[in-house]
Structure formats: C-alpha cells, structure tokens
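# Summary of structural features
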Amino acid sequence: MDLLAKAIDTAPLLSIITLTPLLAALIILFISPKRVRTIQTIALLATGISLAMAIRVYASLSSANAGAFQWQELAEWLPDLGISYHLGVDGISGPMVLLCGIISFTAALLSLQIDFRQKEYFALALTVMSGVFGVFTSLDLFLFILFYELASVPMFFLVGIWGSDKMGQGRPIYHQQAAMKLLIYLQLGGALVMLGIIGLYALADINSFSYIALLKANISSEQQYWLFALIFLGFAIEAGLVPFHTWLPEGHSSAPTALSMMLAGVLLKMGGYGIIRIAVGLCPEGAKAWLPLIGFMAVINILYGALCALKQTDIKLMIAYSSVSHMGVVFLGTACLAEPNVGTSAILGASGAVFQMFSHGVITALLFALAGTVYLITHSRDFSGWGGLASVMPWLGTAYVVAAMGSLGLPGMSGFVAELMVFLGTWQRSPILAACAILALVITATYLLRSVHYGFYGPLNPKFAEVRDAHLSEKIPFIILALSSLAAGICPRLITDITSPAIQELISRM
Amino acid sequence: MSAPTSPTIGLLPLILVAVTALAAMLLDLRSKPNPRLQNSCTVIGLLLAALSVIPIQSQISASGQPFTYWSGIIAVDGMASMFTALACLSGALALIFSIDYLQTKRAYPGEYITLIPFVVLGLSLACSTKELLTFFLAFELMSLPLYAMAAWGRFDLKSSEAGFKYFINGAVSSAIMFYGISLIFGTTGSTFFDQLAINFDLVSTPRHAFVLGSLMFAGALLFKIAVAPFHFWAPDVYEGAPAPAGMFISTAPKATIIAFIMRAFWSSLAIQSMEFRLEDVWTVTFCSLALLSMTWGNIAALRQSNIKRLMAFSGIAQIGYTMLGVMTAARSTGVATMGISAAVFYITMYSFANLAAWSVIVLVEYQRGSSEISAYKGLAKSNPFLAFVLLVSLLSLAGAPPLAGFVGKFYLFRTVFLAHSGWWWVVLAALVNSVISLYYYYGILRPVYFEEPADNQAASGELQASWSVRVGLTVCLIMIAFVGLCPTLVQMGASAGAQVLSSAVLP
C-alpha cells in the first residue's frame, strides 16, 4: 500500500489524468465494435483512473501552496517554435480538474445508456474528456489551443450522431443542424483565441508560448487592450455570453445525455477558465478597461437566460437556458476584477466565479443526467406532458428536486455559496448591478419549481403508469454529483481555501 | 576532365523519370496491354526517382553547392531535389489510388498511366531550372499531358468539355506567359535568373515593361495553381474530368509551382533600385491574391453539392492560405526563412491530405458511380476505413488539431504575425476563412457519419479497395496525423529544410 502511494506521488499525475482517456480512446479504436462490454469497461476504467488521480492532486493543494503552480511537468517539444509540453495546476485550475474528473466519470457511467455504435461513441467521448482535462492542466498556450480544439471537434460527431431532436411546442431543433452550429461557434471562438495567443506570442517577442514566461512579458497597455478584447470574445462565445450564446441551448439540448453533461458541466467552463487565466491573467491592463462593460453584459446574461428558461417546456432546453443564466454569474464574478483594490470585491467576486463554475458544473450535469434518463424512459422531453412522474419513479423525482434546489441556490448546496460570494463582491463595486442580478434569482426559482411541479408532481399521465425507475448504474452518478454539490455547499472552504490564494496572486499582478 | 563539372548523379532523378515515362508508353504498346503491370512498373520507377534524390540532397548539403549543368540551364539544388521527390511521390500515390478505377471498362488505363510520368518530368524540370526558356518548356511539358488527362474520359461529354476548356484557357495563359518572358528578356537582355538583376542595373530600359512582363509571367503561373481570380477553369475541369485525373490535376502541379514562384519572385524578379522596390509590389500582389483566393474559394464552396467541385473550391482556398507563406518569404520581412518553410510545409501537407481525400472520391465514383455528396450516405457503415480516411484528410484540410493542417496553419499565421504585427488583420481574415470552411468540410462528413446508406448502396456492400490502395492511404494518414506532432520531422521541415530552401531562394 505504501509502495503504491509512493509510486503515485512520484508519477507524472497530470499527464496520467490528461492522457489516460485519450489512450483508452486509441485502444478502443482497435477493438471489435461487437465487444461492447469490453469497450464500456475500458472507458469506465480510464475515467475512473482520471477521477482518482484528480482527487489525489486536489487533496495535495492547500492554501499554502495553491498560489503557485504545483505538479509541474516540463518537457521540450518544439523548441524552435518556443513550444513545450508544460502542465501544472494551481488554485484556479485545481477545482476545474476535479470537476472534470467528476463529470467525466459520471458521464461515462451514463454513457452505458447508449445502445448503438458504442465503439465510435466512446472513442470520441474519451477524446473530448482528454481535451478538457488538457485545457485545465496545460501551462503552454499552444498546448492549450491543441486541447481546446481536441475537446470541441468530436462534439460535432457526438451531437450529430447520437443526439436527439426537439419536437414538441415551438420551433423544432434538429440535432444535425445543432451539431453544425455548435461546431462553427466553438471553432470561431477557438480561432479568435488562437489569434489572440499568436498576437501575445509575437508582441512579447520572447519566442515562447509558456504561460509563466508570458506573465513576465512586457506588452503595452494599448496592445493589451486589443488582445484582451480578442481573447475574451473567443472565450465568451464558448462560455455562452449573450448575444453569442445561440449555439448553447441548441447544442446542449440536442446532445446525448452524457455529452450534455460534458458540455454544460465542463466545456462551458473552459470559456470561463480561459477568461480568468489567459485573458485577465496575461492582459491585466486590458482587463481593467473592459471588465466594467463585461459586468453589465453579465447581468443581461443572467436575466435574459432566466427569462428564456421561463418560457421553455422542453426540459433540456430549459436547463440549457438556465446554464446561460448561471454562466452570467461567472462573468459577473470575473468582472469584479475590474477594480482590484476596492475592498474585498475582487477576491470575493473572482473566487465566487471559480466556485460558481464548479457548482454549476456538478448541478447542471446532474440536471442533464436526470432529464436524459427520464427522456430515455418516457421518450419525451416535454415536461408539461410528464405529470406526476415522482409517484412511479421516486428515485428520479427526488434526485430532480435535489438538483433543482441546488440550481436555484438553496442554502446548504454549492450554488448558494457561489452566488452569495459573487453578489457580495459585486455589491461593493456596484449595488445596482448586484440588485438586478439578484432579481433573477426569483425567476430562476420560478422556472425550476415549475418544472418540478409539472414534471414530477400533480396527476400522473396515464401513459407513464408502468415505467421503470433509475438503474443502479444511473443512481451512482446521481449520488456522486449531488454529494459533490452538498459537500461544497456545506463546507465551502474545501474550494475557497485553495482558490483564494491563486486569485490573490492574480490580483497582485494587476 | 579537370574542369569542375558536376557529376551526372545530379541528373539521375530526371533521367529516371524520363525512362519511366518512356517505359510506361512502351508497355502500353504490347498487343495485350496489362494495366496492372504497367501501373506497378511506373510506380516503381517514380519511387526510385524519388529515392535517388537522397544522395543528391546529402551531397548538396555537404558541399553547399548545387549541381549545375549547361551553365545553369539545369541547376539541381536543395529545393529542386526536394520538390522533384514530392512530384514523384504524388505521381506514384495518384497511380496507386487509381488502380481499382483503372480496371473498369470505361477507363483507358494505358493513357492515364503514361501521362502521369510525363507531368512529373515536366514538374521536376520546372523546379530544377534557372532559365526562363527552359522553364517555359518544362511548363508546357507539364501542361499538355494535364489537358489530355482532363479529356481522358473520352466518351463522356463532361470530360471532353473539361479537357477543351482547360486546353483553351491553358493555351492562352501559356501565350501570356511567353509574352511576359519576352518582355523580361527585352528589358534585361537575358533569360538566366542570375543575370536578370545584374543586367537590369546596366541597361536603362523602360522599367514598367519589366514589371508588366513579370506580372504576365505570374498570371500564367497562378492560373496553373488556380488562385482566384485565375481559377475559373478549376471547378469545371475537376468536375468534368474522371476522378483519378481530377486527383492528380488538383495536387501535383501546385506544390512545384508554389516553390518556383518563391524562387523566381523573391530572388531574380525582386529587383531593387533607388526609386524602385519591386519586392513591395510583389508583397502587395501576393497578399491581395491570398485574401481574395481564400475568401472566394471558401464562400463558393459552401453551396456545392458535387464533391469534386467542392474540392476545387477548397483547393482554391487552400492555395490562398499558402500564398500567405509566399507573401512573408520576401527578404524585407526578416522572417523569409520561416515564411518559406511555412509555405512549403503547408503545401506538402495539403498534397497528402488532398490525395487521401481524392482517393476516396475516386473509389466512390468508381463503385457508386457518382460524385454527388449524397452518394456518400452511410459510408462510415459500409466502409469504415474509407470513411476514416475521408475524416482525417478533411479535418486536416479544415485545420483541426492535432493534424498536420492545424500545425501548418498555425505556423503560417504565426509567421505572418512575426513578419509584421500590423498584419494582424490578414491573420484575422484567414482565421475567419478557416471557420467558414468548416461548414463544407464537415458538411461532407455529415452524410458519411450521420446517415444510413441508401438501399441500393447498402446492397452493393463494402467498397473494394486493393491492398496497395490501403498501404498508400496508410502512408498518407501517418503523414497527416503524426508529422504535425513529431518534433523531429517538424524541425526538419522548419529549420534544416528551410536552410536548404532559403539558400536556394535567396541569393
């Protein structure tokens, strides 16, 4: 046992976390498509390893060391171009890696529901997982772009092949078209980020894509102003900033369950993380100029997303719009960095933003997991037609109530802490913005409770009198996700302890 | 002889290609032609020619001197040998990928197999000369077989039309080129590259005639590689010509001519004097051509339903990206070496990805009898390997990581930025363009992966691809997938190769 612990501590854990899913995807390519069991086992094993190692890495972070990058791995790759294979985590990426581990593993469990073309499915899904892990662990910007694209390209196929259409009320959404839209938007975001990063590289003139080296680079305020705008815009498209969000509801609602979880749980966070880490981290002067405007847009995001969600009767679309609204909270928290010296505003707001990314990740993944499972059983995504499902599927009903409570920010769940931190931070800077944002909480509560009411309580739709409840392989992910949210809600210091020093470090450089 | 004449080994690749071409022709004359035998002999000949470049390359890098024959009419330097090898390889791959197609009744295998080595010979000669008239000869040696290839499906109206169209347009462009050469000769009194600049300073002739001549020369070159606005022939020819011919026409000439453009325009035609900086003229020209070409190509490709037409527009756009590298290879940018290697890397990777994608087009046209995109329904189910080839090659063309196309684009954009940070808008335009291109590249993959095969297609079962096609495709896939990420190879392309190339381009 000791030997194993020692071996783990000396191993390149971040590489293992990041590359295990990709390795599994490669192995799966060489397995006959008929051996579904083997493929599923490999996928679960790979994501399980990643999760375990992510927990190990997370546990090693503490308030003392999270301000700097830990577990660094550095190897020469393309020295002529100033590109290296450089990984590391700090207090900002730590929670993201953990989130990624949790979502990947639970998503892999729910992927057992996929009943055709499993080989291709798992190969692609595992590639996405490697991509998102890589985005959060890489400290080289070229590597970052590489992983970023690795995470977004397979989404096209995953949504296009295994997705579902939205029929029901309102405009139909076809998953093949949603896949194309998602791809174009994500790649447009990626292209803007790539331009910004090449610009950073060229203007810094140190022939290096290393994040740590670029932190010390000397770039004038005016150049930072434009670079920030480019990079921010790129990531904002990915994170669903209104008015660049239209791919998000369509893509998220059309994706297969496990991929909705990945998209909402982790891929959106790549945008939020990129803004804090790269846009703000490398262009602080630009950030100061732009962030006040972004705070304003964030409030629009929160309100607009919530109002749109209020209108939906398609459960996945409603959750997707709630994501738009909740990502607004991330933007709002980040915007607190505009005035790094006003009281505790910046530190509260930005830590709150990271907290919200984690919290929204697990809760929305849970919501999508439940919605997808109910869809699988009832073949209907229109919750107004479900009616009283809790009486036939008590497990799913209870879990949905828990998830809805977490999403609307019930104290004791993680969403509450995150929103509290962000609103407190914003209040110190601009009470009006905070007041408008808090207004959205009422709308959020309305649409979530409405979905609980129509979907799970009230008279049962006789069509669904004989349906099954959740299987064990579905219950486990629900429990993991709900417990993660509860743990972070009851003991917020699990996250804030390591996030705050890293945010402090970020603020000290501004 | 004691005089420092270069050993004949320098001519070996050219000789080998010429012998292969003649042998291919003779083999077709047998009373019972055997296409398979003829094909394998030609492939082997071309591969041998490609291999024979290796000792030449090593001798050049050891001595630092190119092999020169007949006072520079033929000068085999690093760049020449590299592009000779590339031309031979693409010829060989095109032949391998067409093996199955050539078995059909309506194909005339002998003609196709004979024409390819002649084109390769023209290409090899074109990149090994430093004299305008010889270049013109080589250019024609390459062009005429290409016209014949376009008209190769001789009872197919579309193919005849394609050949005719290509020939008329090509003949006009050759005439324009020849007129350009005569203007250059008239103003400088020489056709040797090395002499042009020297004579230009000595003779006080009207300068604008020289510029006009160079522009005409450029126009004909750009016509051959289908850069907008010289591209109108390309979609019709690619669509009308039988798929194997389209595959070769869209690939082989492009790399060589891009290399030749860099050599000609950044050394001998980039004349500078007090009031006169031609280099700036060329930079502006290439920059506007690059932007026009990628935008036009990408936007026009969006609406295509025939995959061959689509690939024509995709090729126009891809050449547009390459022109970005050509543009930055000017001496004045300070990153000339980088620009050259970026352009060369990109066009090489384009060749492999394009050949791989076309090989699937060839097979589908051969077995499903159509090159409409709707004919690709359910290819992933009926033939996973071919679908995978199409996937990888199109994703590489679209610039998805970690494939070669992505690294190539990254490398290009970075060079443009480094050359002049004020050119960020060029990079932005190129990036927006590559996002636009996703729509049609992924649009092809939609029927391939998302849909079920139509009944009559499912009935025909798995598409047959010979083992040699599979081997060739695997080579292409490895090139596309691993070159981008393998440091040693990238470095070879980036630094060592660039040194060789830049010494050939820049005097």
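Residues numbered from 1 in each chain as written. Chains lettered and ligands numbered in written order. Predicted model: local features only at pLDDT ≥ 70, side-chain atom pairs only at ≥ 80, totals over all residues.

## Some details on the overall build of chain A
Each helix and strand counted, chain A has 19 helices and two strands in total. Compactness check: chain A gives a C-alpha radius of gyration of 21 Å against a globular reference of 24 Å for 510 residues, within 12% of the reference. With respect to the principal axes defined by its C-alpha atoms, chain A has extents near 70 × 55 × 45 Å. Within chain A, the fraction of its 510 residues that count as buried is 63%. (Helix = DSSP H or I, 4+ residues; strand = E, 2+ residues; numbered from the N terminus. Rg over C-alpha atoms; globule rule 2.2 N^0.38 Å. Buried ≥ 20, exposed ≤ 12 C-beta atoms within 10 Å, placed from the backbone.)

## Things to note about the interface of chain B and chain A
Each side of the interface is counted separately: chain B has 27 residues, and chain A has 25 residues. Elements with a minimum of two residues in the side of chain B that touches chain A: helix H19 (404–419), helix H20 (424–450) and helix H23 (487–505) of chain B. In terms of residue count, H20(B) provides more of the side of chain B that touches chain A than any other element does, 13 residues in total. For the side of chain B that touches chain A, the class distribution of residues is 21 nonpolar, four polar and two charged. (Contact = placed C-beta atoms within 7 Å. Nonpolar A, V, L, I, M, F, W, Y, C, P; charged D, E, K, R; others polar.)

## Examining the packing of helix H12 (residues 284–311) of chain A against helix H17 (residues 431–456) of chain A
All names here are of chain A. Where H12 contacts H17, the axes come no closer than 9 Å and their chain directions differ by 15 degrees. By the angle class used here, H12 and H17 are roughly parallel. When you trace H12 past H17, the crossing you get is left-handed. Across the interface between the two elements, Gly295, Phe296, Val299, Ile302, Leu303, Ala306, Leu307, Ala309 and Leu310 from H12 touch Leu433, Cys436, Ala437, Ala440, Ile443, Thr444, Thr446 and Tyr447 from H17. For the contact of H12 with H17, the per-class residue count stands at 14 nonpolar, three polar and no charged. (Axes fitted to C-alpha atoms, helices over the stretch in contact; angles between N-to-C directions. Parallel < 35°, antiparallel > 145°, perpendicular 65-115°, else oblique. Left-handed = near helix turned anticlockwise from the far one by under 90°.)

## Concerning the pairing of strand E1 (residues 70–78) of chain A
Both faces of the sheet carry side chains from a regular strand, because those side chains alternate between them. Residue and element names in this part refer to chain A. Direction of pairing for E1 relative to strand E2 (residues 83–89): antiparallel, over a ladder of six bridges. From the neighbouring strand, Glu76 faces E2, where its bridge partner is Ser84. In this antiparallel pair of consecutive strands, E1 and E2, the connection spans four residues, and Gly82 shows a positive phi of 70 degrees. (Pairing = 2+ DSSP bridges.)

## Remarks on the environment of Val392(B)
Residues and elements named next belong to chain B. Tracing the backbone through its elements, the reader meets Val392 in helix H18 (residues 384–398). Spatially, the C-alpha atom of Val392 lies 7.8 Å from that of Ala481, the residues being 89 residues apart in sequence. The residues touching Val392, leaving out its near neighbours within four places in the chain, are Leu403, Leu477, Ile480 and Ala481.

## A closer look at the nonpolar core
One finds Val132(A), Met261(A), Leu366(A), Met149(B), Ala150(B), Val427(B) and Ile480(B) to be the most contacted residues of the largest nonpolar core, which totals 410 residues. Considering every element that reaches this core, the biggest residue donor is helix H16 (residues 336–368) of chain B, with 23 residues. Each residue touching Leu366(A), except ones within four places of it in the same chain, is listed here: Ala403(A), Phe478(A), Leu481(A) and Ala482(A). (Core = buried A, V, L, I, M, F, W, Y, C linked by C-beta atoms within 7 Å.)

## Section: the environment of Gly82(A)
All names here are of chain A. Here Gly82 lies in the loop between E1 and E2. Assessed through the 19 C-beta atoms surrounding it within 10 Å, Gly82 is described here as partly exposed. Note: C-alpha distance between Gly82 and Ile206 (124 residues apart in sequence) is 8.4 Å. In this structure, Gly82 is in contact with Asn207, Ser208 and Phe209, ignoring residues within four places of it in sequence.

## Description of unusual backbone geometry
At the junction of Val242(A) and Pro243(A), the peptide bond is cis and its omega measures out at 5 degrees in the coordinates. Turning to its location among the elements, Pro243(A) is positioned in the loop between helix H9 (221–239) and helix H10 (247–254). Here the bond from Ala228(B) into Pro229(B) is cis, since omega is 5 degrees, no more than 30 degrees from zero. By the secondary structure assignment, Pro229(B) is in the loop between helix H10 (207–224) and helix H11 (233–240). Even without being glycine, Asn207(A) reaches a positive phi, approximately 45 degrees. Examined against the element boundaries, Asn207(A) turns out to sit in the loop between helix H7 (175–204) and helix H8 (211–215).

## Comments concerning the environment of Gly315(B)
All names here are of chain B. Examined against the element boundaries, Gly315 turns out to sit in helix H15 (residues 307–328). Each C-alpha atom, one on Gly315 and one on Ser351, is 10.0 Å from the other, the two residues being 36 residues apart in sequence. Apart from residues no more than four positions distant in its own chain, Gly315 is found in contact with Ala226, Ala234, Ser250 and Asn354.

## Describing helix H11 (residues 257–282) of chain A
Residues and elements named next belong to chain A. Under the 1.5 Å per step criterion, the end-to-end length of H11 is 36 Å for 26 residues, consistent within 8% with the ideal 38 Å. Along its length, H11 reaches its greatest deviation from straightness, about 35 degrees, at Leu263. A large share of H11 lies buried, amounting to 25 of its 26 residues. (Expected span 1.5 Å × (residues − 1). Bend = angle between axes of the 7 residues up to and from the residue.)

## Observations regarding the confidence of the model for chain B
Across chain B, the average pLDDT comes to 85, with 91% of residues at or above 70. For this predicted complex, the interface confidence comes out at an ipTM of 0.85, alongside a pTM of 0.89. (pLDDT = per-residue confidence, 0-100.)

## Describing the confidence of the model for chain A
On average, residues of chain A carry a pLDDT of 90, and 100% of them reach 70 or more. Within chain A, the element-level pLDDT minimum falls on helix H1 (residues 2–10) of chain A, averaging 79, and the maximum on helix H4 (residues 93–110) of chain A, averaging 94.

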